[in-house]
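Residue strings, one per chain:
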Amino acid sequence: MPLTFSAIKNSACRSLYLTAPAAAALVTLTVNAHADAPSVVTSIKPIHSIASAVMEGVGTPYVLVDGASSPHGYALKPSQAFLLQGADVVFWVGPELAPSLKKPIETMAKNAVTVELIDASGIHQLDIREGASFDAHDHDHDDGHSGEEHAHDHAEEDDHDHAGDEHDHEESEHEHAGHEHDDDDSHAEAHDHSGHDHDAEHQHAAHGAVDPHIWLNPENGIEIAKIMADTLAKQDPANAETYKKNAAAFSKRIASLDQDISAELAPFADKKFIVFHDAYHHFEHHYEIEASGSVTVSPEALASADRIQEIQGKIKDLGVSCVFQEPQFDAKLVSVVLEGSSARSGTLDPLGTDLENGPDLYPQLLKGLSSSLKECLGGAS
């Protein structure tokens, strides 16, 4: 049930943590509720963007993990609890991406319809890549989810993506048995290394955990929009037609962009590159432009000297053109990896950190990944 303004005001007076912007957001949440628009909370910026496109003209969703925060080690701030308590619908990828959100969503959004998108029917799945480099071949994850191939005549090659780097930062199994993080604000920093169970992560990868970066496959983005439209139509029948029309318009926009990106990246299919961490498998697999490894196994943990040496050897042996950093994490590690090589550095951002929140963020995010790859891989050797 949505919080009343009186309840919000009283709670705000009792809490030292509730900032002015948070209070304003909560008042807006109440206004939206009184306007009969469902109160929708999303986990990360790309999911928020898709929800914004679907809800355009009806309401505005909220996002929990904003700015430069990483979902992998994120801790919910006390002020954000009000967003979950007042939510009618919660859309999030699932504990595979943000294990620390599992408990708050379960306990604080009890009255909300909660959709774990990674488990939704129709979402294209990939297994987490294992090992320090992406040398072997892996296969699409098959657990009853849709594995339909994208419309780029790649169907016959779909099982030939390169496997590799163990995705240690995935902190929960596909069965959602992930460990929880302390909700203290001190853990909200992107570089927090605490509470990270590496042994558990190795176990999860060994048992066929799936890659949670599902939004980086544009077909999944289109499917997510449809799931959101269907969910919201049931919660808000008066605006059902608007949600469905918006989802259809979004799908058309992304399908067109998908074709453009496919053409843009086709000339670079044989180029070798290293990513910061294994977050881009869905994007690489869809466009058949495969990374050769990652700098770090876990984005919140420092890479060992042995791993740095191994990646440096791979850059030399494979003739790697580019090594990509991420804006959420310190770029110094990439600089160390590049020492003594002619490889260039670039930046890939899986979350749209510097992009303005809203319906345009998701297409801008996909286009930005393509442009960054093209710019670095297409540079002079």
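Residues numbered from 1 in each chain as written. Predicted model: local features only at pLDDT ≥ 70, side-chain atom pairs only at ≥ 80, totals over all residues. Heavy atoms only, no water.

Peer 1: Just to check I follow, could you spell out the confidence of the model for the protein chain for this structure?
Peer 2: As a general rule, the predicted coordinates of low-pLDDT regions are not to be interpreted in detail. Across the protein chain, the average pLDDT comes to 77, with 69% of residues at or above 70. Between residues 26–34, whose pLDDT stays under 50, and residues either more than four places distant or in other chains, the model counts 20 contacts. Scored below 50 in pLDDT, residues 141–207 shows 204 contacts in the model against residues more than four places distant or in partner chains. (pLDDT = per-residue confidence, 0-100. Contact = heavy atoms within 4.5 Å.)

Peer 1: What exactly am I supposed to notice about the sheet that holds strand β8 (residues 322–325) here?
Peer 2: Paired through backbone hydrogen bonds, the strands of a sheet run either parallel or antiparallel to each other. Pairing within the open sheet is parallel, and its 3 strands lie in the order β7-β8-β9. Single-partner strands in this sheet number two, and they are β7 (273–274) and β9 (344–347). Pairing geometry for β8 and β9, over 4 bridges, is parallel. Paired with V323 across the two strands is S345, which belongs to β9. (Pairing = 2+ DSSP bridges. Helix = DSSP H or I, 4+ residues; strand = E, 2+ residues; numbered from the N terminus.)

Peer 1: Any chance you could explain the sheet that holds strand β1 (residues 40–44) here in plain terms?
Peer 2: Spatially, 4 strands are ordered β2-β1-β3-β4 in an open sheet, and the strand pairing comes out parallel. Each of the sheet's edge strands pairs with one partner strand only, and the pair in question is β2 (62–65) and β4 (113–116). Shown here is a sheet whose adjacent strand axes are inclined to one another by a mean of 20 degrees, direction ignored. Here strand β3 (residues 89–92) pairs with β4 via 4 bridges, running parallel. Its bridge partner being in β4, V90 is matched across the sheet by T114. Across the sheet, helix α7 (residues 218–235) is in contact with β1, β3 and β4; its angle to β3 comes to roughly 170 degrees. (Axes fitted to C-alpha atoms, helices over the stretch in contact; angles between N-to-C directions.)

Peer 1: Can you help me understand the packing of helix α3 (residues 45–55) against helix α8 (residues 240–265) in this one?
Peer 2: Packed helix pairs are specified by the crossing angle of their axes together with the interaxial distance, meaning the distance between the axes. Following both chains from N to C, one finds α3 and α8 inclined at 125 degrees, their axes separated by 7 Å at the closest point. One way to sum up the angle between α3 and α8 is to call them oblique. Note on element contacts: α8 touches α3 through T242, Y243, N246, A247 and F250, opposite I50, A53, V54 and M55. Residue composition of the contact of α3 with α8, by class: 7 nonpolar, 2 polar and no charged. (Parallel < 35°, antiparallel > 145°, perpendicular 65-115°, else oblique. Nonpolar A, V, L, I, M, F, W, Y, C, P; charged D, E, K, R; others polar.)

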